[in-house]
Amino acid sequence: MNNEIALLSQFLESLGPEVSGHSASPLTPDQVAQIREFASGKLGPAERQALLPSILENETALRTLVKALQGQA
């Protein structure tokens, strides 16, 4: 799981300013909770695969994920 987080972190860093072109839709409390579980490694592989596209398509979700990951450091 740590390797997956490192790969995701590298990917997010490579996006740079282009991320701002994505949707910035507000997140529901359930979506925030899922992102936090994703960041903490509590989701299974299928759940991570299902959640990742929605995170990558939403700037708000990306920021939420980054904050959750930073909170674990």
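The rules behind the values
- Residues numbered from 1 in each chain as written.
- Predicted model: local features only at pLDDT ≥ 70, side-chain atom pairs only at ≥ 80, totals over all residues.
- Heavy atoms only, no water.
- Helix = DSSP H or I, 4+ residues; strand = E, 2+ residues; numbered from the N terminus.
- Buried < 20%, exposed > 50% of the residue type's maximum accessible area, 1.4 Å probe, protein only.
- Contact = heavy atoms within 4.5 Å.
- Areas by Shrake-Rupley, 256 points an atom, 1.4 Å probe, with all protein chains shown as cover.
- 1 Å grid on protein atoms, 1.4 Å probe; cavity = no way out; pocket = protein on both sides within 12 Å on 5 of 7 lines; lining within 4 Å.
- Points joined across faces, edges and corners; volume = space filled by probe spheres on them.
- Core = buried A, V, L, I, M, F, W, Y, C linked by side-chain atoms within 4.5 Å.

Undergrad: Which parts of the structure should I look at to understand the overall build of the protein?
TA: In terms of regular secondary structure, the protein is built from four helices and zero strands. In the protein, the succession of α and β elements from N to C terminus is α-α-α-α. Considering the protein as a whole, with its 73 residues, one finds that 29% of them fall into the buried category. The contacts of the protein with a sequence gap of at least 6 include a subset with a gap of at least 24, amounting to 74%. About 4,800 Å² of surface is accessible on the protein, with carbon and sulfur atoms providing 53% of the total.

Undergrad: What exactly am I supposed to notice about the layout of surface pockets here?
TA: To find the voids left in a structure, one rolls a probe of water-molecule size over its atoms. The space that makes up the largest pocket amounts to roughly 190 Å³. Forming the walls of the largest pocket are ten residues, and the residues nearest its centre are Glu4, Phe38, Arg48, Gln49 and Leu52. Elements supplying a minimum of two residues to the lining of the largest pocket: helix 1 (2-15) and helix 3 (45-56).

Undergrad: Just to check I follow, could you spell out the nonpolar core for this structure?
TA: In summary, soluble globular proteins display a tendency toward joint burial of nonpolar side chains. By size, the foremost hydrophobic cluster in this structure holds 13 residues, and its most contacted members are Ile35, Phe38, Ala39, Leu51, Ile55, Leu65 and Leu69. Secondary structure elements with two or more residues in this core: helix 1, helix 2 (29-40), helix 3 and helix 4 (59-72). A total of five residues in this core trace back to one element, the largest contributor, which is helix 4. In contact with Leu69, not counting residues within four places along its chain, are Ile5 and Ala39.

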